[in-house]
Amino acid sequence: TLGAEGLIKIRGDRCWRELTCMDYHYETQPVPNPLAYYMHRSPWWFHQFETSCNHFIELVVPFFIFMGRRMCIIHGILQILFQVLLIISGNLSFLNWLTIVPSIACFDDACLGFLFSSKEGCVKDQVLKIQATQARGETVPVRYGCYIRRVVNISFGLLITYLSIPVVLNLVNSRQVMNTSFNPLRIVNTYGAFGSITKERTEIVFQGTSSLDPNDPTAVWEEYEFKCKPGDLKRRPCLITPYHYRLDWLMWFAAFQTYEQNEWIIHLAGKLLANEDAALSLMAFNPFEGKTPPRWIRGEHFKYKFSQPGGKHAGDGKWWIRKRIGPYFPPVSLQGLKKFYEARDWPYPKQN
């Protein structure tokens, strides 16, 4: 997995080859956390060092696992430290936590023995007795279940090897495909994250109004707030790993596409217009709570940047500064969306 990630980066965005991707990553990653705010302002040479370390960990270190016990242990230590650094510098859901799990296999009994009790009858005590028996040259009787386990393990090994052939061929292909499955059961897949890095952060801000005319210049538009993604300039970036706010994550992808490519955005707007409890449970702040639902909702497109720590905006309590790009989707009303819902066989929301 890590080798695939390294290759997809080297073959992808030129900033990985120029060692400049980390100049942007902390600010433009899906859901930044508080540490990312400060890491983003690190000097250029530190960002280049980070990128170089990333290439070393993902392209070189994986081969350590085949170079004997000591190098295998070093591999495990480096990979776990690398994942911990990713965990504390961004909200990348449970991905990095899961990546730590296979790295634990790099540590043998001698490394992990201190984690287990030496009391009589415990696992560690039983293993020590088996090892002592083997040291005396005595054979340990093999139970019938052990033979079954060996057959199952070998069978699974052969199956995974066979299914991995197209994955390996993809890995060595100069036109490497990212995040793809090569069999219907999706047992073996190819994975790669951040093959390209967005250089600017854009956000979709949902706004609602009770005005009869959405084009009235005096209409008051109030903003909805998502649970974690940037919105309110004064709200501190959240820290949720390993939890995953999927809606906030999808909003990040939608922000550098169009609403026509993400029709679910309009679906969500309709549910907010109807004040549906299920949709509102995904929001951190509903400006129309306890009031009449909005007549219109629109999506505004903004460019977001971290404020400068110690600067004027930060002094005003702002973690972010933003500049309006333009409309993301035009004002929509619940009645006006009826045909849109019907054309897609979506249940038409009933207003609460």
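This structure is a prediction, so every number in the text was calculated from the model and none was measured.

### A closer look at the packing of helix 11 (residues 246–255) against helix 12 (residues 264–273)
- At a closest axis distance of 11 Å, the pairing of helix 11 and helix 12 adopts a crossing angle of 130°. Judged on the interaxial angle alone, helix 12 and helix 11 are oblique. Note on element contacts: helix 12 touches helix 11 through Trp264, Ile265 and Leu268, opposite Leu247, Leu250, Met251 and Ala254.
- The residue inventory of the contact of helix 11 with helix 12, partitioned by class, reads 7 nonpolar, no polar and no charged.

### Looking at the pairing of strand 3 (residues 201–209)
- Along strand 3, 9 of the 9 residues are buried, which leaves the element largely enclosed by surrounding structure.
- Burial along strand 3 is two-sided: Arg201, Glu203, Val205, Gln207 and Thr209 and Thr202, Ile204, Phe206 and Gly208, pointing in opposite directions, are all buried.
- Sheet analysis places strand 3 next to strand 7 (residues 296–306), joined by 9 bridges and oriented antiparallel. Residue Glu203 lies in a different strand from strand 7, and its bridge partner there is Phe302.

### Re the pattern of salt bridges
- By the definition in use, this model includes 14 salt bridges.
- One salt bridge in this structure joins Lys303 and Glu200, with 3.1 Å as the shortest N-O distance. With Lys303 in strand 7 and Glu200 in the loop between strand 2 (189–190) and strand 3, the pair connects residues that are 103 residues apart, well separated along the chain.
- The class for Lys303 is partly exposed, based on a relative accessible area of 27%.
- Overall, Glu200 belongs to the partly exposed group, its relative accessible area being 48%.
- Between Glu300 and Arg298 there is a salt bridge; the shortest N-O distance is 4.0 Å. In this pair, the class of Glu300 matches that of Arg298, namely buried.
- Residues joined in a network through salt bridges with shared partners are Arg201, Glu203 and Lys229.

### Points about the packing of aromatic side chains
- Using the criterion set out here, one finds 21 aromatic pairs in the structure.
- Seen from their ring centres, Tyr38 and Trp319 are 6.4 Å apart, and the 80° between their planes marks the pair as edge-to-face. Of this pair, Tyr38 sits in helix 4 (residues 34–39) while Trp319 sits in the loop between helix 14 (312–315) and strand 8 (320–332), and the two are 281 residues apart along the sequence.
- A ring pair is formed by Tyr224 and Phe288, whose centres lie 6.1 Å apart and whose planes are at 40°; its orientation type is tilted. Placement of Tyr224 in the loop between strand 4 (222–223) and strand 5 (225–226) and of Phe288 in the loop between strand 6 (283–285) and strand 7 is noted, with a sequence separation of 64 residues between them. Comparing Tyr224 with Phe288 shows no difference in burial state: the two are buried.
- The positively charged end of Arg344 is found above the aromatic ring belonging to Phe340, 3.7 Å away from the centroid.

### What about the UniProt feature "transmembrane region" (unreviewed entry) in the protein?
- Feature annotation in UniProt assigns "transmembrane region" (unreviewed entry) to the following positions: residues 71–88 and 151–172.
- In residues 71–88, helix accounts for 100% and strand for 0%; the two terminal C-alpha atoms are 26 Å from one another.
- Within residues 151–172, the helical portion is 100% and the strand portion 0%, while the C-alpha atoms at the span's ends are 31 Å from each other.

### Some thoughts on the state of the cysteines
- Throughout the structure, instances matching the rule amount to 2 disulfides.
- Each disulfide pairs two cysteine sulfurs, and for Cys15 the partner residue is Cys21, the sulfurs being separated by 1.7 Å. Sign of the S-S torsion, about 70° for the bond between Cys15 and Cys21, identifies this disulfide as right-handed.
- Assessed through its relative accessible area of 2%, Cys15 is described here as buried.
- Of the residues examined, Cys21 reaches a relative accessible area of 0% and is grouped as buried.
- With its sulfur 1.4 Å from that of its partner, Cys228 forms a disulfide with Cys238. You can see Cys228 sitting in the loop between strand 5 and helix 11 and its partner Cys238 sitting in the loop between strand 5 and helix 11, a full 10 residues away along the chain.
- For Cys238, a relative accessible area of 11% puts it in the buried group.
- What links to what in the protein: the bonded cysteines, counted in sequence order, pair as 1-2, 3-4.

How each quantity is defined
- Sequence positions are assigned chain by chain, starting from 1 and proceeding in written order.
- pLDDT decides what is reported in this predicted model: residues at 70 or higher carry local features, side-chain atom pairs at 80 or more are listed and counted, and totals for whole chains, interfaces and linings draw on all residues regardless.
- Heavy atoms throughout the structure, all of them, feed into the side-chain values; hydrogens and water do not.
- As a rule, the C-alpha atoms of each element are fitted with a line to give its axis, helices using only the stretch in contact, and angles between N-to-C directions run from 0 to 180 degrees.
- Under the DSSP-based scheme used, a helix requires at least four consecutive residues in state H or I and a strand at least two consecutive residues in state E, with every element numbered from the N terminus.
- An angle counts as roughly parallel when it lies under 35 degrees, as roughly antiparallel when it exceeds 145, as roughly perpendicular when it falls between 65 and 115, and as oblique in every other case.
- Every residue pair with non-hydrogen atoms within 4.5 Å of one another is taken to be in contact.
- When residue character is reported, Ala, Val, Leu, Ile, Met, Phe, Trp, Tyr, Cys and Pro are called nonpolar, Asp, Glu, Lys and Arg charged, and the others, Gly included, polar.
- Note on classification: 1.4 Å probe, protein chains only; a residue is buried when its accessible area is under 20% of the maximum for its type, exposed when over 50%, partly exposed between these limits.
- Here, a strand pair is defined by DSSP locating no fewer than two bridges between the strands.
- By definition here, a salt bridge exists when the distance from a side-chain nitrogen of Lys or Arg to a carboxyl oxygen of Asp or Glu is within 4 Å.
- Any two of the Phe, Tyr and Trp rings considered here, Trp counted by its six-membered ring, make a pair once their centres fall within 6.5 Å; the pair's planes then place it as stacked at under 30 degrees, edge-to-face at over 60, or tilted in between.
- A ring has a charge above it when a Lys NZ or an Arg CZ is no more than 6 Å from the ring centre and no more than 35 degrees off the ring normal.
- UniProt positions are given in the numbering used here, feature names are shortened, and annotations may be inferred rather than shown by experiment.
- Our working definition of a disulfide is a cysteine sulfur pair at a distance within 2.5 Å.

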